[in-house]
Amino acid sequence: MTLKIELLRGFVAVARCGNLTDAALVLKRTPSAVSMMMKQLETHLGEPLFETDRKNKLTALGEFVLEQSEQEVQHFDNTVRAIENFADASLGHVRIATVPSVAGTIIPQVFARKIDTYDKVRIDLRDMDSKSVLHELSRGRIDIGIATLGVNGSSLHSQLLLTDRFGVLVAPNHPLARGTGPVNWKALENERLIANSLSDGIPGPESEKIHARSRLSAHNLTSILGMVRAGIGVTILPEMAAISSGPSDLVFRPLADETLKRHIHLLRKAGSALSPAARKLEKDIIETVEALTTEHLCFR
């Protein structure tokens, strides 16, 4: 006979209670069923575990079996609990990489609304540009990515998360800051453009022309905002990127062409199964974006 965990659990209950009746209440079994369990265990071991039939005094073997059984029962219960916690997403490790603008706006809102449900989940959050997010996903070094998909996303499962309108960001004393409506390309013809990796991807001859004239580019958002603030030039950014650094004195005016938007996708490697915790985080991200869109706090 192979020893089963329930036999050891039954023995621990009898040994600690000192009688079959109380142990039966603990185990939610009948006293006769518990008695049968003890007989099976003693038959398997070939030696008695109790000094008398009253079950209130252990033999030397009984003392040893009690010590080992308590350890095994506790280990078993801890293992089952860990498995169940992992399965219901309350335990685990999730690696996520996202573009900085989402890392500074959407992700904090996700955890502000749901943080108590992630108490036992290790979250590894990194912000990087879209190209780096796609690279990390392709190498399997992250579970979830949030980025602009681009043309090299065939190996990825993608879901459009949100769209973000492009606009011009200027210093408060810049002439364009005095306007309120959208800005057309003609208004930017004589401006010094601080190009960046986000604006470089805007399609169309007008965009290509103004970017071709640019002799200054920056890729770090802090550097871009600092140069605009210093009056060195103007830049073109998605609105979420412009506001992700928090309250600012800079002025954002959308481009007149409303079709010019950044498309941000929720990504994972195609064919790979997410852990329950990662699936839960993915679901919470989608629900948070939908809620913020309804509240007019993000852009669609």
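Cut-off values and rules
- Residues numbered from 1 in each chain as written.
- Predicted model: local features only at pLDDT ≥ 70, side-chain atom pairs only at ≥ 80, totals over all residues.
- Heavy atoms only, no water.
- Helix = DSSP H or I, 4+ residues; strand = E, 2+ residues; numbered from the N terminus.
- Rg over C-alpha atoms; globule rule 2.2 N^0.38 Å.
- Buried < 20%, exposed > 50% of the residue type's maximum accessible area, 1.4 Å probe, protein only.
- Contact = heavy atoms within 4.5 Å.
- Areas by Shrake-Rupley, 256 points an atom, 1.4 Å probe, with all protein chains shown as cover.
- Lys, Arg positive; Asp, Glu negative; His and termini not counted.
- Charge placed at Lys NZ, Arg CZ, Asp CG, Glu CD.
- Axes fitted to C-alpha atoms, helices over the stretch in contact; angles between N-to-C directions.
- Parallel < 35°, antiparallel > 145°, perpendicular 65-115°, else oblique.
- Nonpolar A, V, L, I, M, F, W, Y, C, P; charged D, E, K, R; others polar.
- Core = buried A, V, L, I, M, F, W, Y, C linked by side-chain atoms within 4.5 Å.

**Student:** Help me understand the overall build of the protein, please; the structure alone is not making it clear to me.
**Tutor:** A tally of helices and strands in the protein yields 11 helices and nine strands. Relative to the globule expectation of 19 Å for 300 residues, the C-alpha radius of gyration of the protein, 32 Å, shows a markedly less compact shape. Within the protein, the proportion of its 300 residues that are buried is 43%. If you take every contact in the protein between residues at least 6 apart in sequence, the share linking residues at least 24 apart comes to 71%. As displayed, the protein has an accessible area near 16,300 Å², and 52% of this comes from carbon and sulfur atoms. Of the charged side chains in the protein, 36 are positive and 35 negative; the average position of the first set lies 4 Å away from that of the second.

**Student:** Which parts of the structure should I look at to understand the packing of helix α6 (residues 106–114) against helix α11 (residues 276–294)?
**Tutor:** To characterise two packed helices, one gives the angle between the axes of the helices and the distance between these axes. Here α6 crosses α11 at 105 degrees, and the two axes come no closer than 9 Å. Relative to α11, the element α6 is oriented roughly perpendicular. Contacts between α6 and α11 involve Ile 106, Ile 107, Gln 109, Val 110, Phe 111, Arg 113 and Lys 114 from the former and Leu 281, Asp 284, Ile 285, Glu 287, Thr 288, Val 289, Ala 291 and Leu 292 from the latter. Split by residue class, the contact of α6 with α11 holds nine nonpolar, two polar and four charged.

**Student:** Explain the nonpolar core to me, please; I cannot follow it from the model alone.
**Tutor:** One broad rule of soluble globular proteins: the nonpolar side chains tend to lie buried together. With 35 residues, the main nonpolar core has Val 102, Ile 106, Ile 146, Leu 281 and Ile 285 as its most contacted residues. Counting only elements with at least two residues in this core, the list comes to β1 (92–98), α6, α7 (130–138), β3 (144–148), β4 (156–170), β9 (261–269) and α11. Among the elements that make up this core, the one with the highest residue count is α11 (seven residues). Ranked by size, the runner-up nonpolar core spans 19 residues in total, among them Val 12, Ala 13, Val 14 and Leu 49.

**Student:** What should I look at first to understand unusual backbone geometry in this one?
**Tutor:** For residues besides glycine, phi is generally negative; the peptide bonds are generally trans as well. One non-glycine residue, Lys 28, adopts positive backbone phi at about 60 degrees. Residue class for Lys 28 comes out exposed when judged on its relative accessible area of 74%. Even without glycine at this site, Lys 55 takes up a positive phi of about 65 degrees. Along the chain, Lys 55 falls in the loop between α3 (31–45) and α4 (60–87).

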